[in-house]
Structures are given as structure tokens and as C-alpha cells.
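So the chains spell out like this:
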Amino acid sequence: MRCSLYALNRSVVMANMALSCCARMKNGIKILKATGNFSRVGAKMQANYCVSASSSQTYPGITESTEEYKYVERLIPPSSVPTPPKHDQYPTPSGWRPPAAVPPALPYMVRRSRMHNVPVYSDITHGNRKMTIVRKIEGDIWALEKDLKDFLTHTSGTTPLMQVNEVNMSIRIKGSFDKDLKSWLLEKGF
Amino acid sequence: MSISKSGAKSLDLLKKLPRISLVNLGPNPGAKKNEKRRGRGQHGGNRSGRGHKGERQRGNRPRLGFEGGQTPFYLVIPKYGYNEGHSRRPQYQPLTLNKLQYLIDLGRVDPSQPIDLTQLVNSRGVTIQPLKRDYGVHLVAEGAENFSAKVNIEVQMASELAIAAIEKNGGVITTSFYDPRSLCILCKPVPFFTRGQPIPKRMLPGEDLLPYYTDAKNRGYMAELAKIQEARMELARTYGYILPDITKEELFEMLSMRKGPRQIFFGLSPGWVVNMAEKKILKPTDERLISYYNSS
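- As recorded by an unreviewed UniProt entry, chain B carries the name Large ribosomal subunit protein uL15m and is attributed to Polypterus senegalus.
- Its UniProt record, at the heading Subcellular location (unreviewed entry), says of chain B: "Mitochondrion".
- In its Sequence similarities (unreviewed entry) section, UniProt records this for chain B: "Belongs to the universal ribosomal protein uL15 family."

- Identification of chain A as Large ribosomal subunit protein mL49 from Polypterus senegalus is taken from an unreviewed UniProt entry.
- Listed under Sequence similarities (unreviewed entry) in UniProt, the entry text for chain A is "Belongs to the mitochondrion-specific ribosomal protein mL49 family."
- Under the UniProt heading Subcellular location (unreviewed entry), the entry covering chain A gives this text: "Mitochondrion".

The structure is reproduced here in C-alpha cells:
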């Protein structure tokens, strides 16, 4: 709007009055006639930006309200993972249990993932090579490896191959034991 | 300290070994293998791995799939329209009752408010891609035995057992239709509000989906309420559970909340513009606009 007024000279503006009956243009022309100054036109039009119900017929009016904004706030997604609420009974119907209030007195610690779950994952390569990974280990990883070996030898009979990654503090086990290891870690209180 | 330091073995090694420099850095044995150089030496030279005479050595083999004149496999098999009209087939992302219970237990979905597709997407329970012909979410009954949450849930499709499981626990389930544009807005409301456009009217289902949403057995949003009440009792009789009376609940008002057939969000009518920067809602006052947006 502003650029078009700057570009036109007075005679063209007068001619255009008949063609475009837009309220803003009309206001601009009024100010131009009164002040004779193109720069004041733009400033005035910006001040009249909020269109009220009393202005021209072409722009319909609006009413503002803040009462229903609470419904909009409900639609905004949360920016961080919420902490789980306290339940009366554990495990919850979906089988989730929180970590023990006091961490167990062991030389190692297995933290929960950011979604509050036990960090045991299954991996598969070449379509048939199944592995289990235990992540987020802190403390004496070799003590955990020994305990895992004892537990898995007891349950499966054979000693599974295990790889200890000291840099990432994770243990990779050959074979799929994710359900067993999850329940074992939950029993320990991790 | 009872807990010994992590990575003790590697740290000890680092202390004993000499300083790292370019002289003692190198790849692990067997990590790097020299490339094959054709046309050089005893093994790479002579015929250079191209075989003896014929099309193979002369580089004149026929196109891929040619079988020496026999009708090739890709022409023998007749054409069949498996994927014909795939872009006109509505797809629904499955949501198991297991997953729903897990989301409620972990506090990602609030059961004290009506559960909408927006709430499910905000909790990252489902991922909907409206641009890939997804028309919403399909509630599936896996985990119905362990489901025990009283919710007012609105999905796009639901299996019979899932409806039974929700109503058995004193909840309310509704199936409703969202056209692709409304679905985009429902799944990602904030980018829509920043555009400054008025909330559009939700379109009604087409003739192929209309019978689904007018049927009380599917708890469709266009079905009559009396017939839905009958269907609830019928389902309780079929599956053999007592239908709890929700009118006597404290959360009855929340459970009976339903969207209008043309409404996309709870509490917000079509035609309104949301100004998130100033936390205001702009409503039109022109009669024509109001009658357009409020018409069914």
C-alpha cells in the first residue's frame, strides 16, 4: 500500500480514487491532500492498523477475547518428558515400575532412560543375529558383567558371549535375553 | 569409595603406554586392504578379470532381464492392480490399548481431560502423517485384559473389542472423521495458529465412510445418541460385563464432552483466529461469516 502511494504522483492518485474505493487508500489520499507530504501518509496508515468495527464496509469487524485461550494452551505440546505420577500399586496395569527410592548397595548402577524405562535393548543384524544391549551403566562395569554371566548361565545353561564397552559403558550379549534382563534389573531395584 | 572407577583397565593402559604421535598411530591389522588394480601384474593382468572371449570379455552383454530369447520372468507374470488407487486408500495408524495404558501410567496422556488425536500426538504415542494418506488413528484391542483406565477418547476407527474394553472401565469412546486438511491442523495445531488463518470447518465424510460414522455400533459421531446407548448395552451383554453408569460419576461432565460435527478443537469454534503472541482469540462479528461457520 505504502510503496504504491510513494510511486504515484498526485494526478494519478486522484484518478485512482474513482477506481479503488478501499478505505485505507481513501484515508491515505485524505492525509496526502492535508499535509502534501508522502512520508506522513505511511505513518498515519500504520497507526490505524487495528481495524475496528466502526471502519469501512469492506473489512468485517472482529472481537477479541482471552477467556477461551486456555483451550489453546492445552493443545501446545510439552517441551520435556513429564515425570510419571505416583501410583498406589506397582507394577502399574501396563507393567511399569519406578526405580527403587534407595539405589541398591552394589558396585554398579544402571540408570533409567529419559522415558523412565529400563535400558535393555535388543539388536538384530543380518536378519538372524540377535543380541541384547544393556546401556547407561555407571560404576564397576566388570562386576555387573560377572553378575550377568552368573545369572544367564543359571537360566540358559550355556555361558553367553559378552562384550564390555568401557567407553560407552554398555554391555552387548549374544542372544536375545531382553525380557529376562529387564525383570532381573527391576528385581534388583534399578 | 566402594564403587571402583569406571574404565579402570583402559585408564591403566593409557598411563603405561608411550605418548601418542604420528609415529605410533596406525590402523588395526586387517582394517585396511589394498584395492584390486586391473591390468597390472601376474594376477591383475592378462585378461584383467573379464573371462575368455565372447560378449563377457568384449563388454557386449544384453540388457538386464534378457533370458536369451525365452520370454523373460518380468513379462511372463501378468499385470495385476495390487497398488492401483493406493493414494486414494485411507490409512489408519494403529494404537494398542497396551500403549494407551502405558502412556496414561507414565503421565504422558492426561485421563482427566478428553483424549484427542492432538493429545496422543503431543505425548508422542502415535505419529500421524496426514500427507501420506493417513486419516487418523485406529484403536486396536491388543492388551484389553490389562486395560483399566477411565477415559473419554476420540479416535478415527476402533475395533469392537477395544470399544468394549473402554466402556467396561467406565469410559466413553467416539469415532469421528477428519478430512486431510483438518487432520493436519489437528495433529500440529501450533504451526497452524502461527499462520494466522481462521480455524476451518471440519468437512463431513464422503459416501464410502458415511455409513461407518452414522453407525452406533462403531460409536460414530453422527450416530443418534439413543442408538449409541442401546449399542452400549448390547455390547455389554455380548461380552458379559456390567455396564457402569457414568451419569453418577464425578467426571461425568468431562466424559460427556463431545466435539460438534464441524469442530476441530475442544472449546474453539471454526472461524476464530488464534493470536499466540498476544494470547488472544479473534472472533468475527460479520453475520455472513458467523452463519457460514456455524452452519452444519
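**A closer look at the UniProt feature "domain: Large ribosomal subunit protein uL15/eL18" (unreviewed entry) in chain B**
Right, so step 1: Summarizing the sequence annotation, UniProt attributes the feature "domain: Large ribosomal subunit protein uL15/eL18" (unreviewed entry) to residues 94-174 of chain B in the numbering used throughout.
Right, so step 2: What you have in residues 94-174 of chain B is 30% helix and 23% strand, and the ends, taken at the C-alpha atoms, are 16 Å apart.

**Digging into a nonpolar patch on the surface**
Right, so step 1: A cluster of nonpolar side chains, Phe73, Tyr74, Leu75, Val76 and Ile77 of chain B, forms an exposed patch at the surface whose accessible area comes to about 550 Å².
Right, so step 2: Inspection of the secondary structure puts Tyr74 of chain B in helix α4 (residues 73-76).

**A closer look at the interface of chain A and chain B**
Right, so step 1: Between chain A and chain B, the residue contacts involve 35 residues of the former and 41 residues of the latter.
Right, so step 2: For the chain A and chain B pair, buried surface summed over both sides reaches about 3300 Å², with 60% attributable to carbon and sulfur atoms.
Right, so step 3: Per-residue buried area on chain A facing chain B is highest for Tyr69, Leu75 and Pro93 of chain A; these three make up 19% of the total on that side.
Right, so step 4: Applying the counting criterion to the chain A and chain B interface returns 2 salt bridges.
Right, so step 5: Residue Glu68 of chain A is joined to Lys283 of chain B by a salt bridge in which the shortest nitrogen-to-oxygen separation is 2.9 Å.
Right, so step 6: If you look at where chain A meets chain B, you find 12 residue pairs in polar contact (both at pLDDT 80 or more).
Right, so step 7: Among the elements that line the side of chain A that touches chain B, the one with the most residues is helix α5 (residues 69-75) of chain A, at 6 residues.
Right, so step 8: Of the residues belonging to the side of chain A that touches chain B, the class tally is 18 nonpolar, 11 polar and 6 charged.

**What to know about the sheet that holds strand β3 (residues 120-125) of chain A**
All names here are of chain A.
Right, so step 1: Taking strand neighbours across the sheet as the criterion, the 4 strands line up as β3-β4-β7-β6 in an open arrangement whose pairing is antiparallel. Each end of this open sheet is capped by a strand with a single partner; those strands are β3 and β6 (162-165). Geometrically, the sheet is characterised by an average inter-axis angle of 25° between neighbouring strands, direction not taken into account.
Right, so step 2: Across 4 bridges, the pairing between β6 and strand β7 (residues 170-174) is antiparallel. Counterpart to Asn165 in the pairing with β7 is Ser170.
Right, so step 3: The sheet contacts of helix α7 (residues 178-188) involve β3, β4 (129-134) and β7, and relative to β3 the element is tilted by about 165°.

**Some words on unusual backbone geometry**
Residues and elements named next belong to chain A.
Right, so step 1: Pro91 follows Tyr90 through a cis peptide bond whose omega is 0°.
Right, so step 2: You will see that Lys136, though not glycine, has its phi angle at about 55°, which is positive.
Right, so step 3: Tracing the chain through its elements places Lys136 in the loop between β4 and β5 (137-139).
Right, so step 4: Taking relative accessible area as the criterion, Lys136 reaches 29% and is therefore assigned partly exposed.

**Quick word on empty space enclosed by the protein**
Right, so step 1: Counted according to the given criterion, the structure contains 1 cavity of 30 Å³ or more.
Right, so step 2: Tyr71, Arg74 and Leu75 of chain A together with Gln113, Pro114, Asp116, Gln119, Phe265 and Phe266 of chain B are the residues that line the largest cavity.
Right, so step 3: If you tally residues by element for the lining of the largest cavity, the top one is α5 of chain A, at 3 residues.
Right, so step 4: Tallied by class, residues from the lining of the largest cavity come to 5 nonpolar, 2 polar and 2 charged.

**Regarding the nonpolar core**
Right, so step 1: Of all hydrophobic cores here, the largest spans 48 residues; its most connected members are Leu117, Leu120 and Leu139 of chain B.
Right, so step 2: Of all the elements, helix α7 (residues 160-168) of chain B adds the most residues to this core, at 5 residues.
Right, so step 3: Membership of the second largest hydrophobic core comes to 23 residues, among which are Val164, Met169, Phe177 and Leu186 of chain A.

Conventions adopted
- Residues numbered from 1 in each chain as written.
- Chains lettered and ligands numbered in written order.
- Predicted model: local features only at pLDDT ≥ 70, side-chain atom pairs only at ≥ 80, totals over all residues.
- Heavy atoms only, no water.
- UniProt positions renumbered as here; feature names shortened; annotations may be inferred.
- Helix = DSSP H or I, 4+ residues; strand = E, 2+ residues; numbered from the N terminus.
- Patch = residues over 30% accessible without salt bridge, like charges linked within 9 Å, V, L, I, M, F, W, Y side chains within 5 Å.
- Areas by Shrake-Rupley, 256 points an atom, 1.4 Å probe, with all protein chains shown as cover.
- Salt bridge = Lys/Arg side-chain N within 4 Å of Asp/Glu carboxyl O.
- Contact = heavy atoms within 4.5 Å.
- Buried area = accessible area lost by both parts, 1.4 Å probe.
- Polar contact = N/O pair within 3.5 Å; in protein donor to acceptor, adjacent residues only side chain to side chain.
- Nonpolar A, V, L, I, M, F, W, Y, C, P; charged D, E, K, R; others polar.
- Pairing = 2+ DSSP bridges.
- Axes fitted to C-alpha atoms, helices over the stretch in contact; angles between N-to-C directions.
- Buried < 20%, exposed > 50% of the residue type's maximum accessible area, 1.4 Å probe, protein only.
- 1 Å grid on protein atoms, 1.4 Å probe; cavity = no way out; pocket = protein on both sides within 12 Å on 5 of 7 lines; lining within 4 Å.
- Points joined across faces, edges and corners; volume = space filled by probe spheres on them.
- Core = buried A, V, L, I, M, F, W, Y, C linked by side-chain atoms within 4.5 Å.

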